[in-house]
Amino acid sequence: DGGITQSPKYLFRKEGQNVTLSCEQNLNHDAMYWYRQDPGQGLRLIYYSQIVNDFQKGDIAEGYSVSREKKESFPLTVTSAQKNPTAFYLCASSFFTGDEQYFGPGTRLTVT
Amino acid sequence: GQQVMQIPQYQHVQEGEDFTTYCNSSTTLSNIQWYKQRPGGHPVFLIQLVKSGEVKKQKRLTFQFGEAKKNSSLHITATQTTDVGTYFCAGAEYGNKLVFGAGTILRVKS
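Residues numbered from 1 in each chain as written. Chains lettered and ligands numbered in written order. Predicted model: local features only at pLDDT ≥ 70, side-chain atom pairs only at ≥ 80, totals over all residues. Heavy atoms only, no water.

Enquirer: Quick one: what's the story with the overall build of chain A, residue by residue and with numbers?
Expert: Check the secondary structure of chain A and you find 0 helices and 11 strands. Moving toward the C terminus, one meets the helices and strands of chain A in the order β-β-β-β-β-β-β-β-β-β-β. Taking 13 Å as the expected radius of gyration for a compact globule of 112 residues, we find that chain A reaches 13 Å, a close match to that expectation. C-alpha atoms of chain A, sized along the principal axes, occupy 35 × 25 × 25 Å. Residues classed as buried in chain A amount to 49% of the 112 residues present. For chain A, long-range pairs separated by at least 24 residues make up 53% of all intrachain contacts whose partners lie at least 6 apart in sequence. When the accessible area of chain A is evaluated, it comes to approximately 5600 Å², of which 48% is carbon and sulfur surface. Mean positive and mean negative side-chain charge positions of chain A (11 and 12 charges, respectively) differ by 9 Å. (Helix = DSSP H or I, 4+ residues; strand = E, 2+ residues; numbered from the N terminus. Rg over C-alpha atoms; globule rule 2.2 N^0.38 Å. Buried < 20%, exposed > 50% of the residue type's maximum accessible area, 1.4 Å probe, protein only. Contact = heavy atoms within 4.5 Å. Areas by Shrake-Rupley, 256 points an atom, 1.4 Å probe, with all protein chains shown as cover. Lys, Arg positive; Asp, Glu negative; His and termini not counted. Charge placed at Lys NZ, Arg CZ, Asp CG, Glu CD.)

Right, here's the structure in full:
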C-alpha cells in the first residue's frame, strides 16, 4: 500500500527541547517538503528537497533543520531556537518540484 | 518572488447555494493545482490545469485556468455539507516548486 506516513500524530514537548518529526514515503518520489500550518491559516513552506542529499530553505526555515540521506525519508527537527513551535506540521512528496503533492496525515506538535 | 493570492479568505453559505474561490498569481504559471483540506485533515489533491483557458469538471466542481495562465477559479454548484473544508490553489512557474495560496475556508449551513 503506497503512501506517505508521518509519526507521531500528536507530540508534546517541553520548551527548550529539540524534537524530530518523522516523514517516510514509498511512492518513489524524488521531491519532499515540510509545511507548517497554524490554526485557520494556510501552508507555509519550511524546507524542501528535490533529490537525495540536497535540500533548500523555504519561507520559514529559521529554527528548523532537515536531512535527506535516503530517498524515502525526510525528517524535520524543530530546535529550541524556534520561537513558537506549536503547530500542525505536514510532510508532502512529489515526483518532481511543480508536480502534484501527496501529503501525509500530519503531526500536531505542542510545546509548553 | 512568486506570490499566489487567493480570495475570499472565508465564506459561509447556505446548503444548496453556489460557491466560488479565486486565485491570482504574480507570474505566469506552467500549471495550477487545487487541493481540499477537510477540518482536522490534510490537503488532498483535486485537479491540475495546464492549458491556457482550460476548464475541467468534477461532478459539481468546475475549475478554470485563465487565458494568461495567471489566474484560476474553483466553482462549486449547489453546495453540500460534505463540501466543507479549506480549498487551496497552488501554482508553479516553469521548473519551479509549487507556491500555495492562503486558502479559502468554506462553511456550509444546513
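More follows now that the structure is in view.
Enquirer: Now, about the nonpolar core: what can you tell me, with residues and values included?
Expert: Membership of the largest hydrophobic core comes to 21 residues, with the highest contact counts inside it found for Leu21, Trp34, Ile46, Leu76, Val78 and Tyr89 of chain A. For this core, the secondary-structure elements that each account for two or more residues are β3 (19-25), β4 (31-37), β5 (43-51), β7 (64-66), β8 (76-78), β9 (87-94) and β11 (107-111) of chain A. Ignoring any residue separated from it by four or fewer positions in sequence, one finds Ile46 of chain A in contact with Trp34, Tyr35, Arg36, Lys57, Gly58, Ile60, Ala61, Tyr64, Leu76 and Tyr89 of chain A. Ranked by size, the runner-up nonpolar core spans 20 residues in total, among them Val13, Leu46, Leu49 and Val108 of chain B. (Core = buried A, V, L, I, M, F, W, Y, C linked by side-chain atoms within 4.5 Å.)

Enquirer: Can you explain the state of the cysteines? Please cite residues and give values.
Expert: Residue and element names in this part refer to chain A. Scanning the entire structure with this criterion turns up 2 disulfides over all chains. Two residues share a disulfide in this structure: Cys23 and Cys91, whose sulfurs sit 1.9 Å from each other. Measuring the twist about the S-S bond at about -75°, one finds the Cys23-Cys91 disulfide to be left-handed. Highlighted residues: Cys23 in strand β3 and Cys91 in strand β9, separated in sequence by 68 residues. When its relative accessible area of 1% is taken as the criterion, Cys23 is described as buried. (Disulfide = S-S within 2.5 Å.)

Enquirer: Report on the side chain of Arg68 of chain A, specifying residues and quantitative values.
Expert: With respect to the helices and strands, Arg68 of chain A occurs in the loop between β7 and β8. Of the side chains with opposite charge, Asp30 of chain A comes closest to the buried, unpaired Arg68 of chain A, at an N-O distance of 5.8 Å. (Salt bridge = Lys/Arg side-chain N within 4 Å of Asp/Glu carboxyl O.)

Enquirer: Requested: an account of the interface of chain B and chain A, with residues and values cited.
Expert: Of the residues lining the interface, 19 residues belong to chain B; the matching set on chain A comes to 19 residues. Taken together, both faces of the contact between chain B and chain A bury some 1400 Å²; the carbon and sulfur share is 58%. On the chain B side of the interface with chain A, the three residues burying the most area are His42, Lys97 and Phe100 of chain B, jointly 34% of the side's total. Here chain B is connected to chain A by 0 salt bridges. Applying the counting criterion to the chain B and chain A interface returns 4 residue pairs in polar contact (both at pLDDT 80 or more). The set of elements that each furnish at least two residues to the side of chain B that touches chain A consists of β4 (31-37), β5 (43-49), β9 (85-92) and β10 (98-100) of chain B. (Buried area = accessible area lost by both parts, 1.4 Å probe. Polar contact = N/O pair within 3.5 Å; in protein donor to acceptor, adjacent residues only side chain to side chain.)

Enquirer: Help me get a handle on the packing of aromatic side chains, residues and values and all.
Expert: Taken as a whole and judged by the stated rule, the model has 12 aromatic pairs over all chains. Where Tyr33 of chain A meets Tyr48 of chain A, the ring centres are 6.4 Å apart and the plane angle is 20°; that geometry is what we call stacked. Pair noted here: Tyr33 of chain A is in strand β4 and Tyr48 of chain A is in strand β5, with a separation of 15 residues, a long-range link. Comparing Tyr33 of chain A with Tyr48 of chain A shows no difference in burial state: the two are buried. Ring geometry for Phe103 of chain A against Tyr35 of chain B: centres 5.9 Å apart, planes inclined by 85°, an arrangement best described as edge-to-face. Of the two residues, Phe103 of chain A is situated in strand β10 (residues 102-103) and Tyr35 of chain B in strand β4; the pairing between them involves two chains. Note on Phe103 of chain A: relative accessible area 6%, which makes it buried. Among the aromatic residues, those joined into a ring-pair cluster are Tyr33, Tyr35, Tyr48 and Phe103 of chain A together with Tyr35, Phe45, Phe88 and Phe100 of chain B. (Phe/Tyr/Trp six-rings, centres within 6.5 Å; stacked < 30°, edge-to-face > 60°.)

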